[in-house]
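In case you want the letters, here they are:
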Amino acid sequence: MLRPGELEIAERAPANNCSPAVAQEYTHWLATHHYENFNVASWLLPKDLHQHFYNLYAYCRWADDLGDEVPQKERALELLDWWERELGTCYEGRPSHPVFVALRETITAKNIPKQPFADLLRAFRQDQNVKRYPTWDSMIDYCVYSANPVGRLVLYLCGYRDEERQAMSDATCTALQLANFWQDVERDLEKGRIYIPLDIAAAHGLTENDIVERRFDVRYVNLMKDLITRTRILFAQGAPLAKTVNGRLSVDLEMFSRGGVAVLDAIEAMGYDTLHQRPAIRKVKQASLLGRSLLTHLVAKPIRPESENGGFTNIWARQAVPVLGLSTSSSYAECHRIARAAHSNFYYAFYLLPKPKRDALAALYAFMRLVDDVADEGNDLAAKQRGLADWRAALDNAVIGEERLVDGSTALNSATPSGATEVLPALVDTMESYKMPARYLHDLISGAEMDLTLRTYPTFDRLREYCYRVAGTVGLTCTHVFGFQDPRALDLAEKLGLAFQLTNIIRDVHEDYAVGRVYLPEEDLARYAVSSSDFGKSEATLGVRELLRFEADRAWQCYEEGSALFGLIDAESRGALWLLVHTYSALLARIESLDFAVFGERVRLSKAEKMLFIAKARFGRLSEENILEKRNRDRRRASGTGSQRRAG
């Protein structure tokens, strides 16, 4: 079927129907001589698995080259069909091609199903027909067939067949695939392919043509930052897998994950310009990654499976070695100190919770406070961006459970952000105790990054995205601590986060303008004939008041819908939620009662009012019906009927 000279890797292939020994010698050669960032099977793997890994690799390598190294589309599809027929004869017990002669030994020994092999071929066919991916979801769907089967094959090879491990493997494999895509933008463009999702590019102001023309500017930098953030989240979701498998495989899996993260780090280090160059992982870096993986393995033994083919103990369980060297109890104490010093409305609500939940909210607040401080302090944009990147890396390392030891003691590298040592042990303990996805906190950091470069928001949808990142994530994390069973709780938590943030935006519109930020959507400013410069005046104009009233109505709608969260969380947490919602809705009601006079002294609730709310939350009859402060609709506009004008 294959023509002479058509495929380079075929030149060393033995004849069809060769012996298994000859076939395995070929797959061994192929796996150890073809370029990869990392060895296919390191010396850490059990020796009895090495040949099986070589056989799997040979199948994947051939399928990939049939799709990528054959220039004519029709011929490539013809060869992929041939390869699938060879796969079929292999499963029928009649392999002829040397790769399948070797692979048959592996399939039989490890009882591997056919589907993962077939899924890979589906992806290679898709590469012949699909050159662009319109959405993030379509890109992820492609990875389901192009990357995830590889991880599942490895798990089958090692005797793991349960869904829990497969889900973590899928996250890791998708992340590795995406890291390669972001690394290989230049190479893929040469092949006429763009794997960057076009909807994500458009959100950063880039068109397909901008990518094809290789226009590198701040838009592309922000695009890469966004894509890298999403990919880091996937790596974090898959990271616990290494702790659920046997020791040698654990080190290899962790090394692959670290290698993928190293690719992302290399993209960042080179300034994100993958349109014109490709970052590479040097041999010295590979050795460092291996050393770190070994060190982690030595200081924290992996969790053993209960059985080779099934369930395993709680993957969130941790070893006694404290993250970053600080005890968990000391870390929680420091988090409470940070939260108290901030004098936030949130801290009052902590006291209405049982101690474990009170500690958890303190840990969340302290982390968020320190991340927010990086974005708000100083004028050096590059330093702020590095600071937030350092927090993201520190979070990843803490979640994964990485330890950096020097002479038996924990040592922090120079990129460890201030406060991480003290706060992260408590934060990780909170995340594990309340099954909190790391992506919420990564999204929060992304919100802080948006504040560094975005000064205006063209539409409410774009503003909603920002509000989700800086406030919706707060609602989601708190709801995990509050405790819930009904999945609707998470949607309602996001609505309340949006309501809180809109309240803050309305209150601070004058102050934000003074520092160069206008959060209210440009489409709404145009609707009410308001110029952004109007926010810098000494008093709100009629148009500004109408605009703020319109945004307040949006916030009230979110409050009213989100209030249903009250009945969906644990009873012991309802007082804290009631206090938070009542306090923020009271602040919005106060702003309304003042006819949106937010250009002078900052609108606040008095300490006496806050104390009264706390007393009601502690001793009163709380319900969804009284969680919101009542609006005095008769005072919504003191100066006449103009308040009835509304946007369409």
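Nothing here was measured: the structure is a model prediction, and the numbers come from that model.

Chemist: Give me the lowdown on the overall build of the protein chain, citing residues and values where you can.
Modeler: Helix and strand content of the protein chain: 27 helices and 2 strands. Burial statistics for the protein chain: of 648 residues in total, 56% are counted as buried. Across the protein chain, the fraction of contacts at a sequence separation of at least 24, relative to all contacts at a separation of at least 6, is 76%. Carbon and sulfur atoms make up 50% of the accessible area of the protein chain, which totals about 27900 Å².

Chemist: Let's hear about the confidence of the model for the protein chain: which residues, and what values?
Modeler: In low-pLDDT segments, the atomic positions of the prediction should not be examined closely. Summing up the model confidence of the protein chain, the mean pLDDT is 83 and the portion of residues at 70 or higher is 85%. Scored below 50 in pLDDT, residues 35-44 shows 29 contacts in the model against residues more than four places distant or in partner chains. Per-residue pLDDT stays below 50 along residues 402-414; that stretch engages in 26 contacts with residues further than four places along the chain or on separate chains.

Chemist: Help me get a handle on the state of the cysteines, residues and values and all.
Modeler: Per the stated rule, a full pass over the model turns up 0 disulfides. Left without a disulfide partner, Cys 558 is nearest to the cysteine sulfur of Cys 467, which lies 9.0 Å away. Residue class for Cys 558 comes out buried when judged on its relative accessible area of 10%.

Chemist: Residues and numbers for unusual backbone geometry, please.
Modeler: Most peptide bonds take the trans form, and the phi angle of most residues other than glycine is negative. Not every positive phi belongs to a glycine, and Asn 17 is a case in point at roughly 60°. Here Asn 17 lies in the segment before helix 1 (20-33). For Asn 17, a relative accessible area of 59% puts it in the exposed group. Unusually for a residue other than glycine, Asp 595 sits at a positive phi of about 55°. One can find Asp 595 in the loop between helix 26 (574-593) and helix 27 (607-619).

Chemist: Describe the packing of helix 1 against helix 2 (residues 47-68), listing the residues and the values that go with them.
Modeler: Two elements in contact, helix 1 and helix 2, have axes whose closest approach is 8 Å; the angle formed by their N-to-C orientations is 70°. The angle between helix 1 and helix 2 falls in the class roughly perpendicular. In contact with Gln 24, Tyr 26, Thr 27, His 28, Leu 30, Ala 31 and Thr 32 of helix 1, helix 2 contributes Gln 51, Tyr 54, Asn 55, Tyr 57, Ala 58, Arg 61 and Trp 62. The residue makeup of the contact of helix 1 with helix 2, split by class, is 7 nonpolar, 6 polar and 1 charged.

Chemist: Please set out the packing of aromatic side chains residue by residue, giving values where relevant.
Modeler: Counted by the stated rule, this structure contains 23 aromatic pairs. Summarising the aromatic geometry, the rings of Tyr 133 and Tyr 195 are spaced 5.9 Å apart at their centres and angled 20° between planes, so their arrangement reads as stacked. Note that Tyr 133 is positioned in the loop between helix 5 (115-129) and helix 6 (136-146) and Tyr 195 in the loop between helix 9 (185-190) and helix 10 (198-203), a separation of 62 residues in sequence. Comparing Tyr 133 with Tyr 195 shows no difference in burial state: the two are buried. For the pair Tyr 528 and Phe 550, a centre-to-centre distance of 5.7 Å together with 45° between the ring planes defines the contact as tilted.

Chemist: How would you explain the environment of Ala 514 if you had to name every residue and give the values?
Modeler: Relative to the helices and strands, Ala 514 resides in helix 23 (residues 509-514). A sequence separation of 22 residues divides Ala 514 from Gly 536, and the C-alpha atoms of the two residues are 6.7 Å apart.

Chemist: Tell me about helix 3 (residues 73-91), and please be specific about residues and values.
Modeler: Helix length check: helix 3, at 19 residues, gives a terminal C-alpha distance of 27 Å against a target of 27 Å (1.5 Å per residue), a fit within 8%. As for helix 3, its buried residues are in contact with helix 2, helix 4 (98-110) and helix 5. Within two residues after helix 3, Gly 93 carries a phi angle of roughly 85°, on the positive side.

Chemist: Give a description of the pattern of salt bridges that names residues and reports values.
Modeler: Going through the model one piece at a time under the given rule, you end up with 45 salt bridges. Linking Asp 210 and Arg 215 is a salt bridge whose minimum nitrogen-to-oxygen distance equals 2.6 Å. A residue is classified by how much of its surface remains accessible, and Arg 215, at 38% relative accessible area, is partly exposed. Note that Glu 465 and Arg 462 form a salt bridge whose closest N and O atoms lie 2.5 Å from each other.

Chemist: Explain helix 26 to me, and be specific about the residues and the numbers.
Modeler: Along its 20 residues, helix 26 runs 28 Å from first to last C-alpha, staying within 8% of the 28 Å computed at 1.5 Å per residue. When you tally the buried positions in helix 26, you get 18 out of 20 residues, the bulk of the element. Positive backbone phi, at 55°, marks Asp 595, one or two positions downstream of helix 26.

Chemist: Could you give me a rundown of the environment of Met 255, with the residues and numbers involved?
Modeler: With respect to the element layout, Met 255 can be found in helix 13 (residues 247-269). By relative accessible area, Met 255 is classed as buried at 12%. The sequence separation of Met 255 and Ala 242 amounts to 13 residues, and the corresponding C-alpha distance is 9.5 Å.

Definitions and cut-offs
- Here, residues in each chain are numbered from 1, in the same order as that chain's written sequence.
- Whole-chain, interface and lining totals are the exception, using all residues; otherwise, since this is a predicted model, local features are given only for residues with pLDDT of at least 70 and side-chain atom pairs are given and counted only at 80 or more.
- Here the side-chain values reflect all heavy atoms present in the structure, with hydrogen atoms and water set aside.
- Numbering of helices and strands runs from the N terminus, with a helix taken as a DSSP run of H or I at least four residues long and a strand as a DSSP run of E at least two residues long.
- Each residue gets one of three labels from its accessible area relative to the maximum for its type: buried under 20%, exposed over 50%, partly exposed in between, using a 1.4 Å probe on protein chains only.
- When checking whether two residues touch, look at their non-hydrogen atoms; a contact exists if any pair is within 4.5 Å.
- Accessibility throughout is a Shrake-Rupley quantity obtained with a 1.4 Å probe, and a residue counts as covered only by protein chains that appear here.
- Each residue carries a pLDDT value, the predictor's own confidence for that position, ranging from 0 to 100.
- Our working definition of a disulfide is a cysteine sulfur pair at a distance within 2.5 Å.
- An axis is simply a line fitted to the C-alpha atoms; with a helix, the fit covers only the stretch in contact. Between two such axes, the angle follows the N-to-C directions and lies from 0 to 180 degrees.
- In this scheme, roughly parallel covers angles under 35 degrees and roughly antiparallel covers those over 145, while 65 to 115 is roughly perpendicular and the rest are oblique.
- The classification used treats Ala, Val, Leu, Ile, Met, Phe, Trp, Tyr, Cys and Pro as nonpolar, Asp, Glu, Lys and Arg as charged, and all other residues, Gly among them, as polar.
- Any pair of Phe, Tyr and Trp rings, taking the six-membered ring for Trp, is counted once the centres come within 6.5 Å. Such a pair is stacked with planes under 30 degrees apart, edge-to-face with planes over 60 apart, and tilted for the rest.
- Multiplying one less than the number of residues by 1.5 Å gives the expected span of a helix.
- By salt bridge we mean one thing: a side-chain nitrogen of Lys or Arg within 4 Å of a carboxyl oxygen of Asp or Glu.

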